[in-house]
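# Overview (structure and organization)
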Amino acid sequence: MTSILQSFGAFRGAAVFILAIVIGLISIVLLRRFWVWDRGRDAGDGVRKLQTEPILRVGGLALFAVFLFACLVAISGAHPEKAPLLGWPFFLLGTTMFLLGFLDDLFGLPALVRLFVQIGVGVAAYLCEMRIDMVSHPLGAGEIETGAFGLILTVIWFVSIPNLINLVDGMDGLAGGIALFLSLTLATLGAFSGHEELLLLNVALMGGIVAFLMFNLPPAKIYMGDGGAYLLGFIIAGSSLLTSNKGSIFGALLVVIIALGFPILDTALAMLRRGLTGLPLMRPDALHLHHRLLTLGFSKRNILFILYGVFAGLSLLGLSVFLSAGYSLPIVGMIATIAVIQMMRFVGLPHNVREVKRVLREIITARKDIRYAYAMSLVLEHDLERVRSAESFWENLRVFLDRLEITPVVLGDPLSPEESRKIVTLRIDERTLWVLHCPRPEGMSRRWERVARCFLSAIMGARANWGSALPASLGFIECGDEAELLAMESALKSEGGSTASTGGAPSPGEFLPEKV
């Protein structure tokens with residue numbers, strides 16, 4: 001392998017990149033052609049995953065094939081007079097992370113099992129010299145020895161990065177895009193620091209990700225699954241600890257942290273949102289930043305272009321900190337702070353102290369109702385396996401809505417003349433609205449939208465179970481297309497109703513318009 005690489009001379013990086021693309025493409029084509037099992041296919045849930053047909057979610061196998069090639073190339077490309085950075089421990093630990101995610105894709109492993117294995121990988125990486133044991137000062141000379149605390153930092157690093165990549169994998173092409181820019185960034189660090197192995201490893205990984213994105217951009221034909229996400233996360237975490245010598249590792253870590261700014265912020269907001277509303281921290285939802293951009297009317301491809309621009313900008317900021325030996329860190333911090341504030345304003349999140357106080361007050365006020373609705377939604381999810389018919393399930397949902405004093409709105413029925421109530425509309429998918437008549441909260445609160453969202457998972461489970469249209473008697477309105485859905489929302493507003501994000505109230509005696 002070494003002689004073959006040397007024969008390409010200055011073009012060996014390009015040759016590795018092209019070969020990785022070829023390996024990735026061949027692997028994906030073979031997977032799509034010969035994978036015949038139902039396990040490893042994602043049928044969607046109608047809430048976060050809206051695909052109409054099952055999609056293969058074992059694309060991590062193709063990424064693993066590229067990882068094997070990348071390790072062989074990187075190890076072969078090691079300088080004979082220097083101690084090798086990469087070795088078989090790196091490959092074996094990456095394989096362990098991949099197998100963990102791959103088994104989860106097929107059989108659904110418990111969260112604690114995954115966590116314990118990831119912690120074990122972090123400990124093994126520490127023992128194999130992939131560790132955070134000495135950190136340089138970012139703005140000057142001097143080093144800090146982490147001592148025994150280095151083991152804890154290393155484990156946290158190897159647990160958090162793969163899970164960040166996995167958590168952000170909620171939209172076609174998103175996780176692959178983040179990994180692509182991170183690999184490009186780490187390849188650049190390898191080039192500047194003179195580490196040929198690190199350069200070749202990440203160049204090969206870039207080729208594999210490019211091949212994968214050819215099938216993963218919207219509309220996706222294959223998913224990387226947990227196996228692919230864990231593998232990419234491990235490579236990024238491990239590479240960043242190999243980029244520099246002892247004592248200068250802080251720069252490489254900081255580059256990765258800055259480049260991962262978007263998923264870190266998205267995950268932090270999700271944990272904070274769920275914690276404040278009283279929902280389980282690991283409960284998935286459709287309120288991530290990219291979901292909010294979808295609700296603003298952006299197409300998936302446009303959202304990807306926007307986020308890829310964000311990833312590229314964050315990667316450049318991270319590289320500037322590394323190349324300037326930390327002197328650009330204050331400027332990068334200022335730019336990042338301004339960008340976060342503007343982004344939060346754009347997607348409708350609280351972006352100043354007054355807004356934060358208002359939202360916190362609303363969430364705390366609604367917390368009891370949200371927890372109550374979530375408990376009832378769990379009962380409904382159990383009912384999916386116990387009730388004998390769809391009619392029984394929907395009747396149970398009606399009973400639970402009554403307990404919350406929520407009344408479904410039916411087309412053509414008169415609205416209540418009570419000023420103390422308001423109409424809330426919630427999009428189920430691109431063609432379905434859920435229209436509810438709820439007690440009026442104070443101000444512009446989105447209290448009842450948060451409450452209604454608790455039932456979405458059970459509702460989509462019922463749709464998948466019985467394959468029938470959602471009942472109009474419970475406030476579900478089926479539109480012909482997205483344009484008709486938007487027209488229906490506008491009609492509700494013009495008649496005096498309000499969506500979850502607006503404030504009006506129905507006037508006495510007014511009627512909900514007939515289907516547009």
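Right above here is the structure, for reference.
Residues numbered from 1 in each chain as written. Predicted model: local features only at pLDDT ≥ 70, side-chain atom pairs only at ≥ 80, totals over all residues. Heavy atoms only, no water.

## Section: the overall build of the chain
In terms of regular secondary structure, the chain is built from 19 helices and 8 strands. Looking at the chain as a whole, 50% of its 516 residues qualify as buried. A sequence separation of at least 24 residues applies to 73% of the contacts in the chain between residues at least 6 apart. (Helix = DSSP H or I, 4+ residues; strand = E, 2+ residues; numbered from the N terminus. Buried < 20%, exposed > 50% of the residue type's maximum accessible area, 1.4 Å probe, protein only. Contact = heavy atoms within 4.5 Å.)

## Some remarks on the pattern of salt bridges
Considering all chains together, one arrives at 10 salt bridges under this definition. The partner of arginine 57 in a salt bridge is aspartate 226, with the nearest N and O atoms 3.8 Å apart. In this pair, arginine 57 is assigned in the loop between strand S2 (55-56) and helix H3 (60-76) and aspartate 226 in helix H9 (residues 225-242), connecting sequence segments 169 residues apart. Judged by its relative accessible area of 18%, arginine 57 falls in the buried class. (Salt bridge = Lys/Arg side-chain N within 4 Å of Asp/Glu carboxyl O.)

## So, the packing of aromatic side chains
Scanning the model with the defined rule gives 19 aromatic pairs in all. Aromatic pair tryptophan 88 and phenylalanine 91: ring centres 5.6 Å apart, planes at 85°, arrangement edge-to-face. Of this pair, tryptophan 88 and phenylalanine 91 are both found in helix H4 (residues 88-107), 3 residues apart, which corresponds to roughly one turn of the helix. Taking 5.6 Å as the distance between ring centres and 20° as the angle between the ring planes, the aromatic pair formed by phenylalanine 98 and phenylalanine 102 counts as stacked. On the criterion of helical spacing, the pair formed by phenylalanine 98 and phenylalanine 102 is a turn pair, its members being 4 residues apart in helix H4. (Phe/Tyr/Trp six-rings, centres within 6.5 Å; stacked < 30°, edge-to-face > 60°.)

## Notes on a nonpolar patch on the surface
A cluster of nonpolar residues, Leu112, Leu115, Phe116, Ile119, Val123, Leu127 and Leu151, forms a patch on the protein surface that exposes about 610 Å² of accessible area. Note on placement: isoleucine 119 falls in helix H5 (residues 111-127). (Patch = residues over 30% accessible without salt bridge, like charges linked within 9 Å, V, L, I, M, F, W, Y side chains within 5 Å. Areas by Shrake-Rupley, 256 points an atom, 1.4 Å probe, with all protein chains shown as cover.)

## A word on the environment of leucine 115
Among the structural elements, leucine 115 can be located in helix H5. Exposure remark for leucine 115: the relative accessible area of 34% places this residue in the partly exposed category. In this structure, the C-alpha to C-alpha distance between leucine 115 and asparagine 163, residues 48 residues apart in sequence, is 9.8 Å.

## Some details on helix H11 (residues 261-277)
Between its terminal C-alpha atoms H11 stretches 24 Å, which fits the 24 Å expected from 17 residues at 1.5 Å a residue. Every buried residue belonging to H11 is among Phe262, Pro263, Asp266, Thr267, Leu269, Ala270, Arg273, Arg274 and Thr277, and all of these are buried. The arc enclosing the buried residues of H11, seen along the axis, measures out at 165°, which places them on a common side. Of the residues one or two after H11, glycine 278 is the one with positive phi, at around 85°. (Expected span 1.5 Å × (residues − 1). Arc of directions from axis to C-beta.)

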